[in-house]
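If you want the building blocks of each chain, they are given just below.
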Amino acid sequence: MNKATKIFFGTLFTAVALAVGNVIARQPSVSEEPVSAPLDPFSQRKVTAQTQLHGDLLVTTVQPGSALSAASSGFIPLERAAYRLSYNPATRLPVWVAWHLTAEHTDGPYSRKGIKFAEDEDVPVPRATNMDYINSGYDRGHICPSGDNKWSEEAQLQSFLYTNCCPQLHNLNAGDWNELEGKCRKWAQQYGGVYIVSGPLLLNKKHKTIGKNKVVVPEAFFKVVLCMEGEPKAIGFIYRNEANNKTMSSYVNTVDDVERLTGLDFFSALPDEVEREVEAKADLADWE
């Protein structure tokens, strides 16, 4: 090997060694902290491929350009043992409450007996209090019902926070709305679980309020239910905050209809084709 050849290979070896050294230097050592998994902005829990769809089915967003969009920057996300919600401090009401009701969660040892409604100290004042409801003519209507929270003492107690309640006429609360809550528990038992999003519906430009803290009285309530067992299906309901005694079928709406009325977007984590299909159809007979 002549001198020029030796110089060439020597230079090449040095370049390769430097390149390999740089690659090695860029690799994290065993002791380095691993990169964190993406975080769900509501629950602040790590999201994995296995749980992402389940968690995302509970995420409800405000549609751009809707009546809610202007106020949505002030909404407060809250996470509880059984449900998650978006709270509107301007109305003292939840915007929506979402939960996954499983068959196992439809019963349990923790009843509502002896539990009192309570202020939610995680939201700013003014906020709903017990005094606002006294002699108001309205019940403290659960959105995520007590009957869905018997499986956990913590969940049962949290269901009585005022951020999970709205002023609701007693006839509706104890009547047709209560019937729907029981039907959802039956569906959870039948299918193994259902995803539910529910909340108040504000239809008028001006709203009646109750109490010193001016808790808004909703004109109606909505509920949408999604079943992923077998062929996916969904159904929506709109109940006026009135004293009625009607058949459940009279309250049925498509999820698309509920979205148009509320300005909310439900179940957007579903594949687009599935979402379009299930949200466009509502047939109570499909759930029997």
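This one's a predicted model, so the numbers in the text were calculated from it and none came from an experiment.

Right, let's talk about the pairing of strand β4 (residues 93–102) for a bit. For a regular strand, side chains alternate in direction, first toward one face of the sheet and then toward the other. For β4, the tally of buried residues reaches 9 of 10 residues, placing the bulk of the element in the interior. Here strand β3 (residues 84–88) pairs with β4 via 5 bridges, running antiparallel. Paired with Leu85 across the strands is Val97, a residue of β4. Count of turn residues in the β3/β4 antiparallel hairpin: 4 residues, of which Arg92 carries a positive phi of about 65 degrees. Note: β4 against strand β7 (residues 193–201), 6 bridges, orientation antiparallel. Bridge pairing links Thr102 to Gly193 in β7.

If you walk through the whole model with that rule in mind, you get 12 aromatic pairs. Between Trp177 and Phe221 the ring centres are 5.7 Å apart and the planes differ by 50 degrees, which places this aromatic pair in the tilted class. Of the two residues, Trp177 sits in helix α6 (residues 176–191) while Phe221 sits in strand β10 (residues 220–227), which places them 44 residues apart along the sequence. Overall, the relative accessible area of 0% leaves Phe221 in the buried class. Following the ring pairs from residue to residue traces out a cluster consisting of Trp177, Trp187, Tyr191, Phe221, Phe237, Tyr239, Tyr251 and Trp287.

Glancing now at the side chain of Thr163. Mapped onto the elements, Thr163 comes out in the loop between α4 (153–158) and β6 (165–168). Since its relative accessible area comes to 2%, Thr163 is described here as buried. Of note is the side chain of Thr163, whose polar atom sits 2.5 Å from the side chain of Asp120. In this view, Thr163 contacts Leu78, Arg80, Leu85, Tyr87, Pro94, Asp120 and Val123; residues no more than four positions away in its chain are not counted.

Averaged over all residues, the pLDDT of the chain is 85; the fraction at 70 or higher stands at 81%. Residue range residues 1–52 is modelled with pLDDT below 50. Its contacts to residues more than four positions away, or to other chains, number 26 contacts.

This paragraph deals with the nonpolar core. The biggest cluster of nonpolar side chains holds 45 residues, and the ones touching the most others in it are Trp187, Val194, Val225, Phe237, Tyr239 and Trp287. Counting residues per element, this core draws most heavily on α6, which supplies 6 residues. Not counting residues within four places of it along the chain, the set of residues in contact with Trp287 comprises Trp187, Gln190, Tyr191, Val194, Val225, Leu226, Cys227, Lys233, Ala234 and Ile235. Residues Leu57, Trp96, Leu201 and Leu270 belong to the second largest nonpolar core, which totals 22 residues.

Reading guide: rules and limits
- Residues numbered from 1 in each chain as written.
- Predicted model: local features only at pLDDT ≥ 70, side-chain atom pairs only at ≥ 80, totals over all residues.
- Heavy atoms only, no water.
- Buried < 20%, exposed > 50% of the residue type's maximum accessible area, 1.4 Å probe, protein only.
- Helix = DSSP H or I, 4+ residues; strand = E, 2+ residues; numbered from the N terminus.
- Pairing = 2+ DSSP bridges.
- Phe/Tyr/Trp six-rings, centres within 6.5 Å; stacked < 30°, edge-to-face > 60°.
- Polar contact = N/O pair within 3.5 Å; in protein donor to acceptor, adjacent residues only side chain to side chain.
- Contact = heavy atoms within 4.5 Å.
- pLDDT = per-residue confidence, 0-100.
- Core = buried A, V, L, I, M, F, W, Y, C linked by side-chain atoms within 4.5 Å.

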